[in-house]
Structure formats: structure tokens, C-alpha cells
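# Chain and residue survey
Read off the chains here:
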Amino acid sequence: MTSMSRARVARRIAAGAAYGGGGIGLVGAAAMGLVLAEVQLAKRQVGNGTAPHVPQAEGRYGSSYTAPGEPPLRLVMLGDSTAAGQGVRRSGQTPGALLASGLAAVAERPVVLRNVALPGATSDDLDRQVALVLADPARIPDICVIMIGANDVTTRMPPTRSVRHLASAVRRLRTAGAEVVVGTCPDLGTIAPVQQPLRWLARRASRQLAAAQTIGAVEQGGRTVSLGDLLGPEFAANPRELFGPDNYHPSAEGYATAAMAVLPTVCAALGLWPAEEERPDASRREGFLPVARAAAEAASEPGTEVAAAMPTGPKGPWALLKRRRRRRVAAVEPETQASA
């Protein structure tokens, strides 16, 4: 599927989500017999993770940094098993811990991490998760990171419904004053046990949903980062290093790869990135595009950021497409339980 055709599909899905339209199928009905057979085979080969107990990573990071008169930054993770960190054994290996420690180092301020993500969650669980995050008006987070979408594809949730729930979550969090970064649906076409034709269909569905998620999130004031590399080319090339023991959830190295892609956008959303890096760099093929086209391009290239730009243009809302340089993040265990 070309970038332009993916942009059209993503725009239709996002429009259906915004205006209450019906479901737009991610795969053709004629292929469903083969898909269902392959799904059953994949389910028998892919486990639910060898570590059903997700490591507890909530707490304070970067307490060695002092910021007189300033409270710690508050970071909240929302989403599914990827956001929760299922598949690793140590709390410091989860994406929340990696992002919290990386953010503390860049901001030179302590960061308090909270995680309300639920393994197995689909986008309709975001309503509940956001309610938990906003329950205490005195503890509104500075930044929220949402990772969601893989289970929407595997459970065949209508993409319009998926995007509607995500857009609502982003809108509620932004209205409350939190910045929001969404890690879009990863590329499910590289899960090792999945065979053709499901592999191709899963990749197509993943990228279509990721593009539509980008439109929905950006139009509500959030930023997105393509997580295709979470289960994408790097995973296909190095499955033993980047997949966990169940061949489905990422390993510690895989989560570090994802955290490196998301951290620059988290920092930029909080105004912590160098000003010169906020300008589009033509040499890295960055620039302003209609949001649907930017979303389609981002879905095809892991680690690409999309953020709102000009309010509107001849082809609708515009967005800034950026390919930020990744920053290495190291595993750090939480220093205290979150209490601030």
C-alpha cells in the first residue's frame, strides 16, 4: 500500500471515529478464513509471556538531581502490556522506568512514575485508565505516554472505535493540562510464529491503525511516535536479542529500543529539547505535511514523530514530521515508591 492510499484509509478511519461512523474493516472479508486459521495456529505458538507478574516500576527516579522550589516531574504510563512492561523480570527494564530515568537525566529533576497500563488492554480500557489518572486534581501528570493498539488488531476491534477511544483519552488528558505522547500500534507482521498470509495482513492492519491513531491523537493536541520498530525490522533482524522468551513481548533490549525512540518526543513535549532541534531538518526529510500524509509516512518508518503544526490548510490540518535522534537510556531501578 502506497503512502497516499494509506493516508486516505487513515483519514477515513479517523473521520469515522470523530463522527461516529461504522467500522471500516482492516482486512478484506474474503481473507478471513485464512486469517482465522492462522490466528489459531499463532495463538498455540505464542504464549502470554513467561512473566505474568509485571515488575513494579512505580516510584521516584533521579533523586540525586536537585531543583530548588520545583516539584518532581510526573510521568504516567497508560495502555497495554507494552506500556506495562510485560515480558521482563526487573522493574528497571520496563519502558516506564527507562523513560523516567532518561527524563530525569535530561531535565535534571526527579521524576515520579505512575503506571496504570493493563496487560491485554484494548483502546476501550483507556476510558478507565484516564479516570484513574485524573481522579486527584492535585496530582495531574506533566506528561502521559500511551502505548496501545496491538490487542485492537488481534481482537479485530473496529479501527474507528479504537481511534475514538484514543482520541477521547488524549483530549481528556490535554484538557486537564497534561502533555501526551502516543506510541502507535507496533508492526505485528514480524511476530515470529505468525505465518503468511496473516503476517502480511497483520502488518497492513497495524500500519493502517497506527496512521489513523496518529491523526486522532494529533488533532487532539498530542504527539505520536511510530513504534513499528518495537516489532519491526530490528526485531526481524535480531529476534533472539529483541524478542522476549515468549517470542511476542519485547525483551529488555527491545523495550530499551522503544524507550530510545519515545524519549526525545517526551522531552520535546515538555520543552526540554534544544530549540535548534525543533526546527525541521530537510536533510532528515523533516517538514510540514497534511496530517493524514504525515501519519501515513510515520506508520511506515519506525521512530518518526508527528505533532500538530498549522491549524489548517488546503488539505485539512497540518502536522510537523520529525525524525529525532535517539538518546540511549539505561535501566535504573526506582529509588522510592511514588508518594510525592
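Residues numbered from 1 in each chain as written. Predicted model: local features only at pLDDT ≥ 70, side-chain atom pairs only at ≥ 80, totals over all residues. Heavy atoms only, no water.

## Considerations on the sheet that holds strand β2 (residues 73-79)
As summarised here, the arrangement of the nine strands in space is β1-β3-β2-β4-β5-β6-β8-β9-β7, forming an open sheet in which the pairing is mixed. Two strands close off the open sheet at either side, each with one partner strand: β1 (59-61) and β7 (287-290). With strand direction ignored, the average angle separating the axes of adjacent strands in the sheet is 25°. The pairing of β2 with strand β4 (residues 143-147) spans five bridges and is parallel. Within β4, the position partnered with Val76 by the bridge is Cys144. Along the sheet, helix α7 (residues 159-176) makes contact with β2, β4 and β5 (179-183), crossing β5 at roughly 155°. Its contacts with the sheet place helix α11 (residues 252-269) against β4, β5, β6 (223-225) and β8 (305-308), and it is angled at close to 165° to β6. (Pairing = 2+ DSSP bridges. Helix = DSSP H or I, 4+ residues; strand = E, 2+ residues; numbered from the N terminus. Axes fitted to C-alpha atoms, helices over the stretch in contact; angles between N-to-C directions. Contact = heavy atoms within 4.5 Å.)

## Describing the packing of helix α4 (residues 95-107) against α11
Interaxial distance between α4 and α11 falls to 9 Å at its minimum, and their mutual angle equals 40°. Overall, the two elements α4 and α11 adopt an arrangement that is oblique. For the pair α4 and α11, the crossing hand works out as right-handed. Between α4 and α11, the residues in contact are Pro95, Leu98, Leu99, Gly102, Leu103 and Val106 and Tyr255, Ala256, Ala259, Val262, Leu263, Val266 and Cys267, respectively. Grouping the constituent residues of the contact of α4 with α11 by class yields 12 nonpolar, one polar and no charged. (Parallel < 35°, antiparallel > 145°, perpendicular 65-115°, else oblique. Left-handed = near helix turned anticlockwise from the far one by under 90°. Nonpolar A, V, L, I, M, F, W, Y, C, P; charged D, E, K, R; others polar.)

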